[in-house]
Amino acid sequence: MDVARNDAPAAPPLTELKHKHLLGIADLSAEEIVLILDTAEAMKEVGRRTIKKVPTLRGRTVINLFFEPSTRTRTSFEIAEKRLSADTLNVAIASSSVVKGETLVDTAMNLEAMSPSMIVLRHASSGACHLLSRICKAAIVNAGDGMHEHPTQALLDAFTIRERKGKLKGLKVAIVGDLLHSRVLRSNVLLLTKLGAEVWVCAPATLIPVGMQQMGVRVTTNVDEAVEGADVIMMLRMQLERMQGGYFPSLREYFTTFGMTEARVKRAKPDAIIMHPGPINRGVEIASEVADGSASVILDQVANGVAVRMAVLYLLAGGTEHETVA
Ligand code: CP
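These notes cover the structure that comes with them.

All right, on to the sheet that holds strand β2 (residues 87–91) then. Read across the open sheet, the four strands follow the order β2-β1-β3-β4; overall the sheet is parallel. Where the open sheet ends on each side, the last strands, each with one partner, are β2 and β4 (139–145). Geometrically, the sheet is characterised by an average inter-axis angle of 15° between neighbouring strands, direction not taken into account. Where strand β3 (residues 118–123) meets β4, five bridges bridge the pair, whose relative direction is parallel. Bridging across to β4, Leu121 finds its partner in Asn142. Sheet strands touched by helix α2 (residues 72–83): β1 (61–66), β2, β3 and β4. Its angle to β1, the strand with the most contacts, is close to 175°.

Given below as structure tokens:
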């Protein structure tokens, strides 16, 4: 089966991205998403080699600028950059001049003066990447902006689903958790609907963003209904750091009503997979038995993040196929 092309339309496959930056899934066509996923398959092969390095980005400088905490995204971008032979550096915000009051724009302009090829940005403000894309010559890669988008997370999620299921089209994907504060939700809904999945989202009514139905998804507050017959269950973290009010009575009550337990997973298809972008709140949105169970692909998601981010960096750099495997 030609898994790589399973979701692609009949037109000739693309060989490059249309935009200079990766700001969000909203800007990508279905064909561009498939191009990134296909390229990530080649990059995953590099990760299986003894010497996990290709010269594709030799001589290019990539700056990782993370204004919010991160374990998976920051480290996998750095590994991806190193595997592509880029000169990579991480700006430690806590010891940078940001703590003296320097603005995002001034920080970016000063980094830009040192001629990086790309800046990978995570920021608490939605639209921060769009702002930098308008003032920087470097390609901007969105590593999560506020509650807006986290495009590389959705891409690695799609890669993981396609790897396990052979396709995305027609799959029932149930996304359960804190929808209101989740950039992962937004990017995943945009991507999965573009590639023809049937997406259900589920949360307490207080955590369902306005306008969800208009995004082409089924919305429910009944987790059993969301999970019934699902091919994929994607759990989202309770983002307590972004909550100021009482969105639900208690964490214990949330787990009882919405938490993913082994009993609830039994409602899904027998071969359903369990996903979570991390970090996990064990016993809040997901039981440990489910997070660590045989259906869980949570660590596969993390592993695939490296290949997908290599693909994004490679394509944004305008690479060619022969450079990928040299
Ligand atoms: N999934 C994700 O973005 O994790 P980090 O916050 O650890 O990067």
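What follows concerns the site of the ligand. Taken together, Ser70, Thr71, Arg72, Thr73, Arg122, His150, Gln153, Pro277 and Gly278 make up all the residues around the ligand. Separating an oxygen atom of the ligand from a side-chain N or O atom of Thr73 is a distance of 2.6 Å. Taking His150, its side chain carries an N or O atom lying 2.9 Å from an oxygen atom of the ligand. Protein burial of the ligand: of its 250 Å² of free accessible surface, 91% is covered by the chains. Tallied by class, the residues present in the shell around the ligand amount to one nonpolar, six polar and two charged.

Rules used in this analysis
One numbering rule holds for all chains: residues counted from 1, following each sequence as written. This being a predicted model, a pLDDT of at least 70 is required before a residue's local features are given, and a value of 80 or more before pairs of side-chain atoms are given or counted; all residues contribute to the totals for chains, interfaces and linings. Each side-chain value is derived from all of the structure's non-hydrogen atoms; neither hydrogens nor water enter the calculation. The pairing criterion for strands is at least two bridges between them, as found by DSSP. Strands here are runs of E lasting at least two residues and helices are runs of H or I lasting at least four, both read from the DSSP assignment and numbered beginning at the N terminus. Every angle, taken between N-to-C directions, lies between 0 and 180 degrees, and every axis is a line fitted to C-alpha atoms, over only the stretch in contact when it is a helix. For this analysis, residues touch if any pair of their heavy atoms sits within 4.5 Å. Distances are taken per atom, and a residue is near a molecule or strand as soon as one of its heavy atoms is within 4 Å of it. Two N or O atoms count as a polar contact when they lie within 3.5 Å, although within protein this holds only if one can serve as hydrogen donor and the other as acceptor, and sequence-adjacent residues are included solely when both atoms are side-chain atoms. Areas reported here follow the Shrake-Rupley algorithm with a probe of radius 1.4 Å; residue values treat only the protein chains shown as occluding. Side-chain classes are defined by residue name, with Ala, Val, Leu, Ile, Met, Phe, Trp, Tyr, Cys and Pro counting as nonpolar, Asp, Glu, Lys and Arg as charged, and the others, Gly among them, as polar.

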